[in-house]
Amino acid sequence: MSVLVIVEPNNGTINKGGFELATFGKLTAGQDKCLVLVVGKASNAGDLGIYGADEVYEIDQVPVHDSAVYSKVIADASEKLSCHTVIIKANANGKATAGRVAIKLGAGLVSAANSVPESTGGQLQVKRGVFSGKAFATYAITTDKKVITVLGNSIQPKEMGSATSVQSLQVDVPPSTIEVVAKETLSGRAPLPEAELVVSGGRGFKGPENWNILLDLADALDATTACSRPVADADWRPHHEHVGQTGIAIRPNLYIAVGISGAIQHLAGVNNSKTIVVINKDPEAPFFKAADYGIVGDLFEVVPKLTEEIKKLKAGA
Amino acid sequence: MKTLVCISKTPDTTSKISFSSDGKNFNTDGISFIMNPYDEWYALVRAVELKEKLGGTVTVINVGDASNDIVIRKALAIGADDAIRVDANPIDSFFVASQIAAVAKDKSYDIIFLGKETIDYNGAEVGAMLAEMLDLPYVSFANKLEVDGDAKTIRREIEGGTETLKLSGPCVISAAKDMAQQRIPNMQGILMSKRKPLEVVTPVGASSRIEVIKHDLPPAKKGVTLVDAGNVAELVRLLHEEAKVI
Ligand SMILES: Cc1cc2nc3c(=O)[nH]c(=O)nc-3n(C[C@H](O)[C@H](O)[C@H](O)COP(=O)(O)OP(=O)(O)OC[C@H]3O[C@@H](n4cnc5c(N)ncnc54)[C@H](O)[C@@H]3O)c2cc1C
Ligand SMILES: Nc1ncnc2c1ncn2[C@@H]1O[C@H](COP(=O)(O)O)[C@@H](O)[C@H]1O
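Residues numbered from 1 in each chain as written. Chains lettered and ligands numbered in written order. Predicted model: local features only at pLDDT ≥ 70, side-chain atom pairs only at ≥ 80, totals over all residues. Heavy atoms only, no water.

**Digging into the site of ligand 1**
- Not every one of the 28 residues close to ligand 1 is listed here, only the nearest: Arg-203, Ser-228, Ser-261, Gln-265 and Asn-280 of chain A.
- Around ligand 1, the neighbouring residues derive from chains A and B rather than from a single chain.
- With respect to ligand 1, the side chain of His-266 of chain A contributes an N or O atom lying 2.8 Å from an oxygen atom.
- Within the backbone of Lys-281 of chain A, an N or O atom sits 3.1 Å from a nitrogen atom of ligand 1.
- Elements that contribute at least two residues to the shell around ligand 1 include exactly α5 (229-233), α6 (264-270) and α7 (299-316) of chain A.
- Looking at the shell around ligand 1, its residues break down into seven nonpolar, 15 polar and six charged. (Near = heavy atom within 4 Å. Polar contact = N/O pair within 3.5 Å; in protein donor to acceptor, adjacent residues only side chain to side chain. Helix = DSSP H or I, 4+ residues; strand = E, 2+ residues; numbered from the N terminus. Nonpolar A, V, L, I, M, F, W, Y, C, P; charged D, E, K, R; others polar.)

This is the structure we're talking about:
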């Protein structure tokens, strides 16, 4: 029995997020094999072997993102390849699919794992964030079959093998009853849940017309932009940038919060970030308590200077 | 339109989180509970709006004990017509989905609504499991829904954007922000909610598939290093050399 990792290429290539999953799968598998199923075509699929895949499979028919279709493809592949554990990325589509896969396989599910599961006394224990980042829970999955979804940025891909050949796997792709009529994506920047660097603005910006100050900083850092909830509510920024308890939960390496007070509901979505920088003119702003670094000052003066300094650093590097 | 809205109870968003000394159980002392915001603000309100526009009924369902009745009454005050409570401790998402599926299976609801996720366990698991058990299409994280006869046009959140889907016939939808606007129950709603039917049913057999080993709180922050506003270069140096994040 093996572990099956589901990886989706991005525009024909597998990126860091995919390699990360392969490493996660290999570390979860222990003595067992780590098989990776690439759903879609990727020119660099064989490289998954470098990061932990013992065998790499691809299916040539790419299913649309309908959880009914996707879950059938994954469950069938898992049975064909005799796998006891299925690992899926914890993004919007992965979360919609994993619950269905779990029911099809009779498996227990733990979603949004943030570190590699541990085998303790014959049990697989999985840790994940709960209470919107305010705590962690460790679960044992008590069924023979297991499904785990994994948050982006949970571990770093590790080189632990060599490139391998890619085998094709025949699976039935049933027709979908859902038609995708439009897609609207913000191009250029990494999606928030996967972003390593995030700059975020709050009501301190006073209005949408001032956002170029934050966007310049984001450009200098090559960071993704986020915002507090009132900012999205007021339509200053698109709603999918809203982070926090009722928005997206993120855990980048660096979160720079500008003109955000640090309400508990906002912190809930960002407090697992590795490094937090707060820029706020109010020294009493609660966000400073959750920060690693801070500047007490007027964002309209501090942020442009910060952008300049970062450009200098990058130019020197 | 006949809809079912799955509602859950969660700690108030400002709650201080703590656990029993063995780490197994969430400490509920001094915690006030609310209806899960996604369920209340978005799923329930959209279901009530559709009923107001197209006619039909809205039923709410909760898996939980009698202490949840207060949350269920609030849903009735917001505009649901009747309620079902499956009288059981919601041990895990598989158990909850099994209970809701057992109630819903012969009732031919046009839409079963859930919230995007519960803000305590943040699983976003129940919807997909329920859809699979009932063999229905599932659209997660929907932030816009229009119904035209049998056809549904749904916009959903995906990483870094949205996608718009069309489907027809019954389906399961999990609701995210923007699907509707929060409604505060009015006096008449509150009075009427007391007379609306709340049926308590016994659970079907379903075992849990996961077991809690422990909970931990995140390690305390070491405290903030403040940098003078006139010395922004120092912040960049710290981020580069000390934190090594840029
Ligand atoms: C159930 C519930 C769920 C919620 N979910 C979320 C959520 O998911 N995400 C979220 O963000 N919020 C959420 N909120 C709202 C949250 O409680 C706060 O109201 C919100 O986060 C505040 O946003 P803000 O920090 O941008 O604005 P404010 O609180 O108004 O703070 C603005 C900050 O900017 C600073 N400032 C002003 N001018 C300047 C300047 N020139 N230079 C520097 N600093 C300046 C001020 O000192 C202040 O600290 C939720 C609330 C509830 C009740
Ligand atoms: N105990 C429960 N009773 C009824 N519905 C629930 C219950 N728990 C969760 N749900 C529904 O399932 C959704 C997703 O929950 P979860 O999978 O726990 O994040 C919630 O937003 C609710 O709509």
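**Focus: the site of ligand 2**
Residue and element names in this part refer to chain B.
- Lining the immediate surroundings of ligand 2 are 19 residues, of which Cys-6, Asp-39, Val-63, Ala-124 and Glu-125 lie closest.
- Val-63 places a main-chain nitrogen or oxygen 2.8 Å from a nitrogen atom of ligand 2.
- At a separation of 2.7 Å, an oxygen atom of ligand 2 approaches a polar backbone atom of Glu-125.
- Its free accessible area being 480 Å², ligand 2 has 93% of it covered by the protein chains.
- Sort the elements by how many residues they give to the shell around ligand 2 and strand β4 (residues 57-64) lands first, with three residues.
- In the shell around ligand 2, the residues fall into 10 nonpolar, six polar and three charged. (Areas by Shrake-Rupley, 256 points an atom, 1.4 Å probe, with all protein chains shown as cover.)

**Focus: empty space enclosed by the protein**
- Enumeration over the complete set of coordinates arrives at five cavities of 30 Å³ or more.
- The volume enclosed by the largest cavity comes to roughly 670 Å³.
- Lining the largest cavity are 38 residues; nearest its centre among them are Lys-95, Leu-151, Ile-248, Ala-249 and Ile-250 of chain A.
- If you list the elements that add at least two residues to the lining of the largest cavity, you get α3 (92-105), β7 (123-130) and α6 of chain A together with β8 (151-158) of chain B.
- No other element matches the three residues that α6 of chain A contributes to the lining of the largest cavity.
- Looking at the lining of the largest cavity residue by residue, the class counts come to 14 nonpolar, 15 polar and nine charged.
- For the lining of the largest cavity, the domains that each give at least three residues are domain 1 (2-168) and domain 2 (192-316) of chain A.
- Of the pockets and cavities examined, the second largest cavity occupies roughly 90 Å³.
- Together, 14 residues line the second largest cavity, and His-65, Asp-66, Ser-67 and Asn-93 of chain A together with Arg-156 of chain B are the ones closest to its centre.
- Listing elements by their share of the lining of the second largest cavity, those giving two or more residues are α2 (67-80) and α3 of chain A together with β7 (138-148) and β9 (161-168) of chain B. (1 Å grid on protein atoms, 1.4 Å probe; cavity = no way out; pocket = protein on both sides within 12 Å on 5 of 7 lines; lining within 4 Å. Points joined across faces, edges and corners; volume = space filled by probe spheres on them. Domains from an automatic or database assignment.)

Any link to function would need more than the numbers given here.
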